[in-house]
Amino acid sequence: MTNVLTRPRPEPTVLQALRSPRLLTREVLAGLVVAIALIPEAIAFSIIAGVDPRLGLFSSFVMAVAISFLGGRPAMISAATGAIALVIAPVAREHGVDYLLATVILGGILQVALGLLGVAKLMRYIPRSVMVGFVNALAILIFTAQIPQLIGVPWTVYPIAVAGLLIMYLLPRVTRVVPAPLVAIVLLTGAAVVFGISVPTVGDQGALPESLPFLLVPNVPFSLETLAIIFPFAIAMAIVGLLESLMTAALVDDITDTPSSKTRESLGQGAANVLSGLFGGMGGCAMIGQTMINVKASGARTRISTFLAGVFLLVLVLVFGDVVAVIPMAVLVAVMVVVSVATFDWHSIRPSTLRRMPVSETVVMVLTVAVTVWTHNLAIGVGVGVVAAAVLFARRVASLTSVTRSVDGDTARYVVEGELFFASSNDLTTKFAYHDDPPHVVIDLSRSHVWDASTVAALDAVQTKYAHLGTTVELEGMNATAARFHGRLSGELGAGH
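Residues numbered from 1 in each chain as written. Predicted model: local features only at pLDDT ≥ 70, side-chain atom pairs only at ≥ 80, totals over all residues. Heavy atoms only, no water.

(A) Representation of the nonpolar core. Judged by nonpolar contacts, the single largest core of 96 residues is most densely connected at L100 and M282. Among all residues touching L100, those that are not within four sequence positions of it are V51, L55, I88, V91, A92 and M282. Counting 19 residues, the second largest nonpolar core, distinct from the first, contains A412, V416, L420 and F485. (Core = buried A, V, L, I, M, F, W, Y, C linked by side-chain atoms within 4.5 Å. Buried < 20%, exposed > 50% of the residue type's maximum accessible area, 1.4 Å probe, protein only. Contact = heavy atoms within 4.5 Å.)

(B) Spatial organisation of the environment of G31. As for its position among the elements, G31 is in helix α2 (residues 21-49). Expressed as a C-alpha distance, the spacing of G31 and S305, which sit 274 residues apart in the sequence, is 4.4 Å. The contacts of G31, once residues within four sequence positions are left out, are N294, S305, L308, A309 and F312. (Helix = DSSP H or I, 4+ residues; strand = E, 2+ residues; numbered from the N terminus.)

(C) How the structure looks around the pairing of strand β5 (residues 440-450). Taken across its 11 residues, β5 has 8 buried, putting it largely inside the fold. Sheet topology places strand β4 (residues 411-420) next to β5; 9 bridges connect them, and they run parallel. Residue pairing for β5: V415 is matched across the bridge by D444. Taken together, the 5 bridges between β5 and strand β6 (residues 472-476) define a ladder with parallel strand orientation. (Pairing = 2+ DSSP bridges.)

(D) Highlighting the packing of aromatic side chains. Inspection of the entire model under this criterion finds 7 aromatic pairs. Measuring from centroid to centroid gives 4.6 Å for F344 and W346, while their planes differ by 45°, and the two rings are tilted. Centroid distance F421 to F422: 5.2 Å. Interplanar angle 90°. Geometry classified as edge-to-face. Overall, F421 belongs to the buried group, its relative accessible area being 11%. A network of ring pairs unites the aromatic residues Y414, F432, Y434 and Y466 as a single cluster. (Phe/Tyr/Trp six-rings, centres within 6.5 Å; stacked < 30°, edge-to-face > 60°.)

What follows is the structure in structure tokens.
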């Protein structure tokens, strides 16, 4: 019998799902479950951003519907997120909602521009240690953002928050049919209403939407002064949003064993954020937790589930808005605490992991977390982490470079091993015994590679030093690429000393 290799079965298309009652039912139920789970998080993220809950709910609706058509990763959920809320919160706090909407729109435009420039391809240059630090910092910031809701409040807030935590930790061990956050919200809201418990509620934070979102233009001056205010936050939002979205898309690719277009996802995220800002939303990006509910727990695979998640969300809020308004804030605090704990990569700080992990990897992860938490800016944290990772990597590679000397008669042979670039070649000139060598020197580069102008300049300096002593130097063993690069730059970089 001949073994035949078979390709993985392709994921169903939207048309196939529409024609199949079984697949369509799966997509519809998945969208409903995600919509129910989105409501408390969208409201909670609005509170983090310092805006009315309707901004988070409108954003989640607009982004979910828009990304279902424009995104590059089917079944991925995009909505209002903690990462974006943390980035744009200072804008709402210091300049007002209109400036926040302008920031969201500009952030979306920048995401489209970055997508057209091929920024999605740069994701491969972000080390794992930086990604882990990014996730851990996000978890810490979400957790610390809940603390103000627990200070200076009635004592009844604390039992409700603890009860919410217990429900969300214990219920999944019994059943996962209904999202635990939804059960906690329903039970504890009902208890607060029935027993007349006076605690801060969602309604106290601002008015919930009573109508469909409508197209608007932020009431801000179109001036360079406005641009100076919103641009730093917009570029941070664009980078953080793309980073989290592309990371989530890669995760779904792995789970479903199907590829996706990261460039299209970048463009789709930008367009969705522009639409979100124009319809009064606070912007957002891909949601790791809700995407896992949709793809892993519910088995959704098409854009239908993403589209219906947005539609169901709006219907639930408009029809049951009065009920949503009486939800205790303590329950949402519990929801966000659970989200932060689930987001944190606990494996990364286990003693067994730290013992096995290279020190440089741990340093990069901790540095990313520290800078992000200190600045409250995920983009700055990731940027510092990437730079630190690059420096430490260069240092590690440079340490593997060696020069071995041997003498045979009137010839000294130096064998250079390792990668030659600025970090490893700057002290290359110190590896030679200029005054002790015979009249002829051979530098064997067959076990190394010349990567940059710094190395060419270092080799020129070595040859110049020998020339001053009347010693001839022969370079041998360079591969064709290195030889062409060296030949083009050698002698053209200034004095070799």
